[in-house]
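# Structure at a glance
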Amino acid sequence: MPPGSTIGILGGGQLGRMTALAARHMGYRIATLDPAPDAPCAQVADHRFTAALDDVAAARRLAAISDVVTYEFENVAEPVAAALEELAVVRPSSRVLAVAQNRVREKETLAALGLPVASFRPVASLAELEAAAAEVGYPCLLKTATGGYDGKGQRWLHGPADVVAAWEWASAQYPGQERSEAVGEGPRFILEARVPFVRELSVIVARNPQGMTSVYPVAENIHRRQILHASIVPARVSPAVAQAAQALAVRLAEGLEAVGVLGVELFLTADDRLYVNEFAPRPHNSGHYTIEACATSQFQQHVRTVCGLPLGSTDLLRPAVMINLLGQHIPRMHAAVAHLLAIEGLHLHVYGKAEARRDRKMGHLTILAESVEEALARAQQAWDLVRAPDDPPAVA
Ligand code: AMP
């Protein structure tokens, strides 16, 4: 699909916005659908549809004017995905979406592809939970099959005494949904053994319709209160671990025959073993560093994949640290913006969201330097300017 074609983006958040901006550089037109008329992506789109994300009729209108449709969140309702695919090319496909949006299917698919995952069991009843916990061992983590993000929809079990309370918690997780569209008929929960990880890593991988893949440098991610706080690139891991992590991401993209960009999240244990936790069928927060730090950003790469173009170089130009700016950081960011921008190698991104609610992703900073240590030192200066009173003082 040559420049001048229209890319439809379902969802109007920051991932859509950054994809749209990259696409615009290359002369593509953007259509977007989001419930908020002033959503981050809508602000930079050529065509906006204001409707609920599960509005099938609106999705049809989006698809009707788009040459290709992509999305920036994985909880696309099945009837919406079906309607989009009827009218337009959808990338990644609804098959990849279906795997990504259900943790049971996701873990089963990862395991079937031979990728290392934590021991897990699908769970549909109290009796199954009891048996599954005895099998995978304690501590273990009960997760909803669908809908959870940023650590929501999870509950730890430390011993057999926690089983009943965990099931009570589970029973309250799908309010008013006798049979959720997204869950389908399968078990609604998954129980996973705890992976005793020492680092959380992620890899962005891209695959185009011709089957060409390209993989980005490994990011080391720091979460705070279950929300991504910072990414450090390259990750402080051995070259062998970095290569192995990249190889797992490529195997996943190839195994799924996915067309698009995937964000693959991994755990690393003290004995250098890698486990795949999950993947997102879209650009990923931990890949924002690629905008300035790599020869081709994850967003431009996503545009290339969905338009069927050759992939760009993923070379790391300079080490980078990315820090998320949440709602609570915004007043201080505004007050300190002149000092912030005086930090060498710092790039500021603000997504244009009207309301700076606590923990809402409002923007990010990327700090480039000649070494990770130097990037971290500069990131610390930036963090000192924006952090909220209840944030830990150390950036990482
Ligand atoms: P998820 O919603 O699967 O991304 O999980 C959110 C966070 O929970 C991860 O970033 C980990 O910190 C933690 N977590 C998830 N699964 C496991 C596991 N099997 N073992 C240990 N920690 C986990």
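Note that this is a predicted model, so its numbers are computed, not measured. (Residues numbered from 1 in each chain as written. Predicted model: local features only at pLDDT ≥ 70, side-chain atom pairs only at ≥ 80, totals over all residues. Heavy atoms only, no water.)

## With respect to the pattern of salt bridges
Side-chain pairs of opposite charge can arise whenever the charged atoms involved come near each other. Here is the rule: Within this document, salt bridges are pairs made up of a side-chain nitrogen of Lys or Arg and a carboxyl oxygen of Asp or Glu, the two lying within 4 Å of each other. Numbering of helices and strands runs from the N terminus, with a helix taken as a DSSP run of H or I at least four residues long and a strand as a DSSP run of E at least two residues long. Three exposure classes are used, based on accessible area relative to the maximum for each residue type with a 1.4 Å probe and protein chains only: buried under 20%, partly exposed in between, and exposed over 50%.
In the structure shown here, the tally under the stated rule is 18 salt bridges. A salt bridge links Lys107 to Glu192; its shortest N-O distance comes to 2.8 Å. One end of the pair, Lys107, is in helix H5 (residues 103–112); the other, Glu192, is in strand S9 (residues 189–193), with 85 residues separating them in the sequence. Assigned by exposure class, Lys107 and Glu192 land together as buried. Sharing partners across several salt bridges, the network here consists of Arg24, Arg29 and Asp46.

## What to know about the packing of aromatic side chains
How two aromatic rings sit relative to each other is set out by the distance from centre to centre and by the angle between their planes. We apply this condition: Aromatic pairs are defined between Phe, Tyr and Trp rings, using the six-membered ring for Trp, whenever the two ring centres lie within 6.5 Å; interplanar angles under 30 degrees are classed as stacked, those over 60 as edge-to-face, and all others as tilted.
Enumeration according to the criterion identifies three aromatic pairs in this entry. For the ring pair Trp167 and Phe189, a centre distance of 5.5 Å and an interplane angle of 70° mean the geometry is edge-to-face. In this pair, Trp167 is assigned in helix H7 (residues 163–171) and Phe189 in strand S9, connecting sequence segments 22 residues apart. Residue class for Trp167 comes out buried when judged on its relative accessible area of 17%. The exposure class assigned to Phe189 is buried, which follows from its relative accessible area of 5%. Relative to Phe189, the ring of Tyr174 lies with its centre 5.6 Å away and its plane at 65°, an arrangement referred to as edge-to-face. Taken together, the residues Tyr174 in the loop between H7 and S9 and Phe189 in strand S9 connect sequence positions 15 residues apart. An identical accessibility class is assigned to Tyr174 and Phe189; each is buried. An aromatic cluster of at least three residues, connected via ring pairs, comprises Trp167, Tyr174 and Phe189.

## Some thoughts on the sheet that holds strand S1 (residues 6–10)
Condition: Here, strands pair whenever DSSP counts at least two bridges between them. Pairs of residues are marked as contacts when any of their non-hydrogen atoms sit within 4.5 Å. Lines fitted to C-alpha atoms define the axes here, with helix axes fitted over just the stretch in contact, and angles between the N-to-C directions of these axes take values from 0 to 180 degrees.
Taken together, the five strands give an open sheet; going across it, the order is S3-S2-S1-S4-S5, and neighbouring strands pair in parallel fashion. Each edge of the open sheet carries a strand with a single partner, namely strand S3 (47–50) and strand S5 (89–90). Strand direction decides the pairing type here: S1 and strand S4 (residues 68–71), joined by four bridges, are parallel. Bridged to Ile9 within S4 is Thr70. Contacting S1 and strand S2 (29–34), helix H1 (residues 14–25) runs over the sheet at an angle of about 175° to S1.

## Here's the deal with the site of the ligand
Under the convention used in this document: Think of it this way: one heavy atom of a residue within 4 Å of a molecule or strand is enough to make that residue near it. Any pair of nitrogen or oxygen atoms within 3.5 Å is treated as a polar contact; in protein, a donor-acceptor pairing is required on top of that, and neighbouring residues in sequence qualify only through side-chain atoms on both sides. Note that accessible areas follow from Shrake-Rupley with a 1.4 Å probe, and for residues the cover is restricted to the protein chains shown. Residues are sorted three ways: Asp, Glu, Lys and Arg are charged, Ala, Val, Leu, Ile, Met, Phe, Trp, Tyr, Cys and Pro are nonpolar, and all the rest, Gly among them, are polar. Here the bounds of each domain stem from an automatic or database domain assignment.
With respect to spatial proximity, 16 residues lie near the ligand, and among them Lys143, Gln154, Val195, Glu200 and Glu278 are the closest. Within the side chain of Gln154, one N or O atom sits 2.8 Å away from an oxygen atom of the ligand. The contact in question runs from an oxygen atom of the ligand to an N or O atom on the side chain of Asn277, over 3.1 Å. Considered on its own, the ligand offers 480 Å² of accessible surface; in the complex 91% of this is hidden by protein. Mapped onto the shell around the ligand, the elements with two or more residues apiece are strand S7 (140–144), strand S8 (154–157), S9, strand S10 (197–207), strand S14 (260–269) and strand S15 (274–280). Class assignment of the residues belonging to the shell around the ligand gives a composition of six nonpolar, three polar and seven charged. Taken domain by domain, the shell around the ligand gets at least three of its residues from each of domain 2 (119–193) and domain 3 (197–386).

## Description of H5
Just so we agree on the cut-off: What the arc covers is the set of directions going from the helix axis to the C-beta atoms.
If you check which residues of H5 are buried, you get Arg103, Val104, Glu106, Lys107 and Leu110. Summarising the axial view, the buried residues of H5 lie within an arc of 165°, below the 170-degree limit, and thus occupy one face. Close packing links the buried residues of H5 with helix H4 (94–100), strand S6 (120–123), S7, S9, helix H8 (239–256) and S15. For H5, the N-terminal cap is Asn102; the gap from its side-chain oxygen to the backbone nitrogen of Val104 is 2.8 Å. Following H5 by one or two positions, Gly114 has its phi on the positive side, about 80°.

## Focus on the domain arrangement of the chain
Each assigned domain of the chain is listed with its residue range as follows: domain 1 (6–90), domain 2 (119–193) and domain 3 (197–386). Computed over C-alpha atoms, the centres of domain 1 and domain 2 are 32 Å apart.

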